[in-house]
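Summary of the model geometry
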Amino acid sequence: MNLEAQQIGFYYDKGTWLFRGVAIEIRPGEVVGLVGPSGFGKTSLGRILAGFEKPKEGKVTLDGKPLPVSGFHPVQLVFQHPEKAVNPRWTMGRMLREGGEPDRQLLSSLGIEPDWLNRWPNELSGGELQRFCVARALGAGTRFLIADEMTAMLDAITQAQIWHAVLAEAAKRDIGILVVSHERKLIDRICHRVVDTASWRK
């Protein structure tokens, strides 16, 4: 029932290895922190776990099987910059329905106002957009969430509200979370254990 990366290696085309031999496992309901210096591959590993990138070596499995290549993906990724993850030609309601019928209770806990569903992305602030990206990522089929600096650009009040809602939803549905962040206070407060990418190059 776990999301597992086994002996993962990755580099960008014609580049040197970003990391090799990386192994990480996330269990249902577990919150794992991923920390380390910039340029050590935190975001790249998150993208590999969510199926956005393919590793150059090694494999990623879910329940011991390869990640699915079609349909709603059970591993969802929330990016740091929400404006890059939304279609400017879709209303927010349509964007949410892309991941299935939205859970009204979850929308409320994330602070999403009902009238925002009829708005366009350019009519919302960055914090409001990120709330929608989080709601979409927590669709009914989601089993694991990769939060890549998910609240780094937001004010403290918005950060707290989003994380409170995410952690409550994850606990209720036994969703595993990988938290990629430079904020050590956040990592220490919400994570069950921490993986440091600095060890990947030793």
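Residues numbered from 1 in each chain as written. Predicted model: local features only at pLDDT ≥ 70, side-chain atom pairs only at ≥ 80, totals over all residues. Heavy atoms only, no water.

It is worth spelling out the packing of aromatic side chains at this point. Each aromatic ring pair is summarised here by two numbers: the centre-to-centre distance and the angle between the ring planes. Evaluated as defined, the whole model comprises five aromatic pairs. Geometrically, the ring pair formed by Y11 and W17 is edge-to-face, given 4.8 Å between the ring centres and 85° between the ring planes. The partly exposed category is assigned to Y11, whose relative accessible area is 27%. Residue classification places W17 among the partly exposed positions, given a relative accessible area of 34%. By the ring-pair criterion, three or more aromatic residues cluster together here, those being F10, Y12 and F19. The residue whose ring lies beneath R20 is W17, and the NZ or CZ to ring-centre distance is 4.1 Å. (Phe/Tyr/Trp six-rings, centres within 6.5 Å; stacked < 30°, edge-to-face > 60°. Buried < 20%, exposed > 50% of the residue type's maximum accessible area, 1.4 Å probe, protein only. Lys NZ or Arg CZ within 6 Å of the ring centre and 35° of its normal.)

If you trace the four strands from one edge of the open sheet to the other, you get β2-β1-β4-β5, paired in antiparallel fashion. A strand with exactly one partner marks an edge of an open sheet, and here the two such strands are β2 (19–26) and β5 (65–66). Relative to β5, strand β4 (residues 57–62) runs antiparallel, the two being bridged by two bridges. The partner of L62 across the bridge, within β5, is K65. Contacts from helix α1 (residues 42–49) reach β1 (3–10), β2 and β4 within the one sheet, and its direction differs from that of β2 by about 60°. (Pairing = 2+ DSSP bridges. Helix = DSSP H or I, 4+ residues; strand = E, 2+ residues; numbered from the N terminus. Contact = heavy atoms within 4.5 Å. Axes fitted to C-alpha atoms, helices over the stretch in contact; angles between N-to-C directions.)

This part covers the sheet that holds strand β9 (residues 193–196). Strand order in the open sheet formed by five strands is β6-β7-β8-β3-β9, with parallel pairing between adjacent strands. Two strands bound the open sheet, and with one partner strand each, they are β6 (75–78) and β9. Strand-to-strand, the axes of this sheet are offset by a mean angle of 20°, without reference to chain direction. Sheet topology note: the β6/strand β7 (residues 144–148) ladder contains four bridges and is parallel. Its bridge partner being in β7, L77 is matched across the sheet by I146. In this fold helix α5 (residues 156–173) packs onto β3 (31–35), β7 and β8 (176–180), with an angle of close to 150° to the strand it touches most, β8.

If you add up the space inside the largest pocket, you get close to 350 Å³. Forming the boundary of the largest pocket are 17 residues, of which F52, Q76, L77, E98 and R136 lie nearest the centre. Breaking the lining of the largest pocket down by element, the ones donating at least two residues are β6 and α4 (126–137). With four residues, β6 is the largest single contributor of residues to the lining of the largest pocket. The residue makeup of the lining of the largest pocket, split by class, is 10 nonpolar, five polar and two charged. (1 Å grid on protein atoms, 1.4 Å probe; cavity = no way out; pocket = protein on both sides within 12 Å on 5 of 7 lines; lining within 4 Å. Points joined across faces, edges and corners; volume = space filled by probe spheres on them. Nonpolar A, V, L, I, M, F, W, Y, C, P; charged D, E, K, R; others polar.)

Tracing the backbone shows S38 in the loop between β3 and α1. We classify S38 as exposed; its relative accessible area is 59%. With 70 residues separating them in the primary sequence, S38 and S108 have C-alpha atoms 34 Å apart. There is a polar contact of 3.4 Å between the side chain of S38 and the side chain of H182. (Polar contact = N/O pair within 3.5 Å; in protein donor to acceptor, adjacent residues only side chain to side chain.)

Next up on the list: the pattern of salt bridges. This structure, assessed with the given rule, holds 10 salt bridges. Between E169 and K172 there is a salt bridge whose closest N-O contact spans 3.4 Å. Of this pair, E169 and K172 both sit in helix α5, three residues apart, roughly one helical turn. What makes K172 exposed here is its relative accessible area of 52%. (Salt bridge = Lys/Arg side-chain N within 4 Å of Asp/Glu carboxyl O.)

This is a description of form; function is not addressed.
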